Amino acid sequence: FASLLAGLSASVSSATVLADVRSTDYPTLQAAIDANPGRLIYVPDGDHLLAETVMITTSGTGLCGPGRLVMSDASKDIINVREANDVTIRDIKLFR
């Protein structure tokens, strides 16, 4: 699992949380993260296909929900946390 998250400050939990923003309100998950730094992004049920690594670079940012992040390129990380503290990843499923 450590190879899937390239950050030291991420916490993984299955607790229920209230998200600030829905990922489906944006063209991509990355666009939702970029437009809402420091906020919790809800990823709804279903497969969310990724061609690029999801980058989290702002402290307090998080992802939660029953969605499945599916990376199409096995050579890439699914989520990369850089220079951010207090990042939350809850209930999200990560697949290749």
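Residues numbered from 1 in each chain as written. Predicted model: local features only at pLDDT ≥ 70, side-chain atom pairs only at ≥ 80, totals over all residues. Heavy atoms only, no water.

A. Quick peek at the layout of surface pockets. Quantified by volume, the largest pocket comes out at close to 200 Å³. Forming the walls of the largest pocket are 15 residues, and the residues nearest its centre are Thr28, Leu29, Gln30, Leu49 and Leu50. For the lining of the largest pocket, the secondary-structure elements that each account for two or more residues are helix H1 (29-35) and strand S4 (47-50). Counting residues per element, the lining of the largest pocket draws most heavily on S4, which supplies 3 residues. By residue class, the composition of the lining of the largest pocket is 8 nonpolar, 6 polar and 1 charged. (1 Å grid on protein atoms, 1.4 Å probe; cavity = no way out; pocket = protein on both sides within 12 Å on 5 of 7 lines; lining within 4 Å. Points joined across faces, edges and corners; volume = space filled by probe spheres on them. Helix = DSSP H or I, 4+ residues; strand = E, 2+ residues; numbered from the N terminus. Nonpolar A, V, L, I, M, F, W, Y, C, P; charged D, E, K, R; others polar.)

B. Expanded view of the environment of isoleucine 41. Here isoleucine 41 shows up in strand S3 (residues 40-42). It is 6.0 Å that separates the C-alpha atoms of isoleucine 41 and glycine 62, two residues lying 21 residues apart in sequence. Setting aside residues no more than four positions away along its own chain, isoleucine 41 makes contact with Ala19, Val21, Arg22, Ser23, Leu29, Ala32, Ile33, Asn36, Gly62, Leu63 and Cys64. (Contact = heavy atoms within 4.5 Å.)

C. Region of the structure containing the pattern of salt bridges. Inspection of the entire model under this criterion finds 3 salt bridges. A salt bridge links glutamate 52 to lysine 76, with the nearest nitrogen and oxygen atoms 3.0 Å apart. Taken as a pair, glutamate 52 in the loop between S4 and strand S5 (54-56) and lysine 76 in the loop between strand S7 (68-71) and strand S8 (79-81) lie far apart in primary sequence, 24 residues in all. When its relative accessible area of 23% is taken as the criterion, lysine 76 is described as partly exposed. The partner of aspartate 73 in a salt bridge is lysine 76, and the shortest N-O contact between them spans 3.9 Å. Overall, the relative accessible area of 27% leaves aspartate 73 in the partly exposed class. Sharing partners across several salt bridges, the network here consists of Glu52, Asp73 and Lys76. (Salt bridge = Lys/Arg side-chain N within 4 Å of Asp/Glu carboxyl O. Buried < 20%, exposed > 50% of the residue type's maximum accessible area, 1.4 Å probe, protein only.)

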